[in-house]
Amino acid sequence: MITTRGVGVVDVLGRYDVLGAFWVTIQLAVLAALGSLVLGAVVATMRVSPVRVLRFIGAAYVNIVRNTPLTLLMVFSILGATFILGLQLSSATGSNIFRWAVVMLSVYHGAFVCEALRSGINTVPHGQAEAARSIGLTFGQSLRQVILPQAFRGAVAPLGSTLIALIKNTTVAAVIGATEAAGLLQEIVENETGTLAVFMIFAIGFVLLTLPVGIGFTALSRRLAVRR
Amino acid sequence: MIGRRGRVVLAAAVATALGLAGCGGGSGGTAASGSSGGGQALKIGIKFDQPGLGLKQGDTYTGLDVDVATYVAKKLGTDPARISWVQAPSAQRETLLSTGQVDLVVATYSITDARKQKVSFAGPYFIAGQDLLVRSDDTTITGPESLQNKKLCSVKGSTSAQKVKSKYPGVQLQEFGTYSECVAALVARGVDALTTDDTILAGYAAQPQYKGKLKVVGKPFSQERYGIGLKKGDTALCRKVTDAITSMVADGSWQKAVDANLGAAQYKPGAGNPPTTDPCS
């Protein structure tokens, strides 16, 4: 057992709901991953579409959101959106925080997902798009049936990196009071002082969450790679 | 996509979130104004971002903690010019002391049993209590019992936030990373009250930009005993620091420092002040 002066691992696990906090982290990560995947796919489609305005909007979105600190987006969601603009996602404070955290994580990582997908689209040879159009498929049809299925397979590795970043970035939601792992860490440090054991618990927790994701996506990217 | 209106609000939110740390401040004495002189150099950990307690503005440091630290240093034979101020965020205070990066910590440091296992305390030099800060036109909030269905703000993970959650479960609690964001939310009517130690609340209420807009309710519902942290087991230093605190109260400097730093917002120190110090062990 690891014990430093003060609290040990067993004390912390016994007195605090560490698993509950990590469960919130997982919920945030899963919902935001889905949200950012949908948003990223839409924006990526806009960025490769033949319509100039859509391409511009897509590029503007990526460049603004990707270059804005996530902390700022989080604080804005409560201080700016909820309190000043009155955009409440729930009348209960707790679920308002959780929903805004999911939205902001999705919005932020959507930009990265978009770029990952675009890099995937670039792995599909030009000839395929031309062939698809020449047999009479519309832009939408060729995207759905020819380009995107291959693009997703080519984008698996960068999507995995984005997902790992997203899981770790859920900790930023602590700045608006989400009840996830980093928030509980602050609570424990306040009450028990920061011991090495406390930090190790949370570090190991995140490694346990992200390591399988990394291994899984690497394996998946090998299996799904389009051989050309 | 963020529209133009959204961007203006975003800019406003940034300005309130980041700007508060830079402005305001009480009328406390400046610490770095001593004559050239002697004594042993001291490294003292304080808060850099807490108006009325420990606030850094350029090269000047103001606040009650700064004044107490300066007084104690003088009694230890250290000239104010020989003090180097070190930022001591809450989570790092024990480490700063145990690794010798600072000699003393005077940074709204509550004496608790968990902390006593890692550091020693001299004092207390002030007894604070958890209280509420509300808008001055608000007469509905008179204490923690009147918070039902009100929105309350505090800092994530802080003792105050935890206490409210366990003792008053009917309260809607919004948490942020810093008190500055809570004050901004309170002024913007996003929350109805802000809770933490009354000293910190009085410090914010006394800032020029909030003068007259905010008030401390004045019904403390906990006791936080602020001590001066020092390396564990240094009984000799503890005795000297304790003597310094006792003489600060006795010669009137304590009252003067409290009035100068926290008095502006009609704040009166709660019961138990000026405190009697604990024996060093």
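Procedures and definitions
Here the residue numbering is sequential within each chain, running from 1 through the sequence in written order. Ligands are numbered from 1 and chains lettered from A, in the order in which they are written. Only residues with pLDDT of at least 70 are given local features in this predicted model, and only at 80 or more are side-chain atom pairs given and counted; all residues enter the totals for whole chains, interfaces and linings. Strands here are runs of E lasting at least two residues and helices are runs of H or I lasting at least four, both read from the DSSP assignment and numbered beginning at the N terminus. Here a residue counts as buried when 20 or more other C-beta atoms sit within 10 Å of its C-beta, as exposed when there are 12 or fewer, and as partly exposed otherwise, the C-beta atoms being derived from the backbone. Placing C-beta atoms from the backbone, we regard two residues as in contact once those atoms come within 7 Å. Helix axes use the C-alpha atoms of the stretch in contact, all axes being lines fitted to C-alpha atoms, and the angles between their N-to-C directions lie in the range 0 to 180 degrees. Geometric relationships in this document are graded by angle, where less than 35 degrees denotes roughly parallel, more than 145 denotes roughly antiparallel, 65 to 115 denotes roughly perpendicular, and other angles denote oblique. A clockwise turn of the near helix away from the far one marks a right-handed crossing, whereas an anticlockwise turn of less than a right angle marks a left-handed crossing. Any residue outside Ala, Val, Leu, Ile, Met, Phe, Trp, Tyr, Cys, Pro, Asp, Glu, Lys and Arg is labelled polar, Gly included; the first ten of those are nonpolar and the last four are charged. For two strands to be treated as a pair, DSSP must find no fewer than two bridges joining them. As a per-residue measure, pLDDT tells how confident the predictor is, with possible values from 0 to 100. Assignment of crossover handedness uses the view with strands pointing away from the viewer, where a clockwise path from the first strand over the helix to the second indicates a right-handed crossover.

Enquirer: Before we move on, could you go through the overall build of chain A and cite the residues and values that matter?
Expert: A count of helical and extended segments in chain A gives 10 helices and zero strands. Element order for chain A, N to C, with α for helix and β for strand: α-α-α-α-α-α-α-α-α-α. Principal-axis analysis of the C-alpha atoms gives chain A an extent of 70 × 45 × 25 Å.

Enquirer: Before we move on, could you go through the overall build of chain B and cite the residues and values that matter?
Expert: The secondary structure content of chain B amounts to nine helices and 13 strands. Within chain B, the fraction of its 281 residues that count as buried is 50%. Of the contacts made within chain B by residues no fewer than 6 positions apart, 75% connect residues no fewer than 24 positions apart.

Enquirer: Lay out the interface of chain B and chain A in plain terms, naming residues and giving numbers.
Expert: When the parts of a complex come together, some accessible area is lost, and that lost area is often used as the size of the interface. Facing 32 residues of chain B, the contacting portion of chain A comprises 29 residues. At the level of secondary structure, the elements contributing two or more residues to the side of chain B that touches chain A comprise helix 1 (4-19), helix 4 (113-116), helix 5 (159-167), strand 10 (172-176) and helix 6 (179-187) of chain B. With six residues, helix 1 of chain B is the single largest residue contributor to the side of chain B that touches chain A.

Enquirer: Please set out the packing of helix 2 (residues 64-75) of chain B against helix 9 (residues 253-262) of chain B residue by residue, giving values where relevant.
Expert: All names here are of chain B. The N-to-C vectors of helix 2 and helix 9 enclose an angle of 155°; their axes lie 9 Å apart at closest approach. With respect to helix 9, the axis of helix 2 lies roughly antiparallel. Here helix 2 and helix 9 pass one another in a crossing that is right-handed. Packed against helix 2, whose contacting residues are Leu64, Asp67, Val68 and Tyr71, the element helix 9 presents Ser253, Ala257, Val258, Asn261 and Leu262 at the interface. Broken down by class, the residue content of the contact of helix 2 with helix 9 amounts to six nonpolar, two polar and one charged.

Enquirer: So, the sheet that holds strand 8 (residues 130-135) of chain B: which residues are in play, and what are the values?
Expert: Residues and elements named next belong to chain B. Read across the open sheet, the five strands follow the order 10-9-11-8-12; overall the sheet is mixed. Each of the sheet's edge strands pairs with one partner strand only, and the pair in question is strand 10 and strand 12 (214-216). Between one strand axis and the next, the sheet turns by 30° as a mean value, whatever way the strands run.

Enquirer: A description of the confidence of the model for chain A should follow, citing residues and the corresponding values.
Expert: Residues and elements named next belong to chain A. A residue-level look at chain A finds 96% of positions with pLDDT of 70 or above and a mean pLDDT of 89. Averaged over each element, pLDDT in chain A is lowest for helix 1 (residues 9-15) (79) and highest for helix 3 (residues 52-66) (95). Confidence drops under a pLDDT of 50 for residues 1-5, and excluding neighbours within four residues, the segment shows 14 contacts in the predicted structure.

Enquirer: Run through unusual backbone geometry, naming residues and quoting values.
Expert: All names here are of chain B. Despite not being glycine, Thr108 shows a phi value in the positive range, around 40°. On the basis of neighbour counts, which here come to 25 C-beta atoms within 10 Å, the residue Thr108 falls in the buried class. In this structure, Arg189 is a non-glycine residue whose phi angle is positive, near 65°. Within the fold, Arg189 resides in the loop between helix 6 and strand 11 (193-197). Take Arg189: there are 12 C-beta atoms within 10 Å of it, and that puts it in the exposed class.

Enquirer: If you had to explain the pairing of strand 10 of chain B to someone new, which residues and values would you point to?
Expert: Residues and elements named next belong to chain B. Counting buried positions over the five residues of strand 10 gives four, a clear majority of the element. Strand direction decides the pairing type here: strand 9 (residues 151-155) and strand 10, joined by five bridges, are parallel. Residue pairing for strand 10: Cys153 is matched across the bridge by Gln174. Following the backbone out of strand 9, through helix 5 and into the adjacent parallel strand 10, one traces a crossover that is right-handed.

Enquirer: Go over the packing of helix 5 (residues 93-121) of chain A against helix 8 (residues 156-169) of chain A, please, and point to the residues and values.
Expert: The description of two packed helices rests on the angle between their axes and on the distance between the axes. All names here are of chain A. Contact pair helix 5 / helix 8: the axes reach a minimum separation of 9 Å and the direction vectors enclose 165°. What the angle tells us is that helix 5 and helix 8 run roughly antiparallel. Note on packing geometry: the crossing formed by helix 5 with helix 8 is right-handed. Across the interface between the two elements, Leu105, His109, Phe112, Val113, Ala116 and Ser119 of helix 5 pack against Pro158, Leu159, Thr162, Leu166 and Asn169 of helix 8. Counted by class, the contact of helix 5 with helix 8 contains seven nonpolar, four polar and no charged residues.

Enquirer: Describe the pairing of strand 1 (residues 42-46) of chain B, and please don't skip the residues or the numbers.
Expert: All names here are of chain B. Of all five residues making up strand 1, four are buried, and the element is well covered by its neighbours. Direction of pairing for strand 1 relative to strand 5 (residues 83-87): parallel, over a ladder of five bridges. Residue Ile46 lies in a different strand from strand 5, and its bridge partner there is Gln87. As paired strands, strand 1 and strand 6 (residues 104-105) are joined by two bridges and run parallel to one another. Across the sheet, the residue bridging to Gly45 is Val105, located in strand 6.

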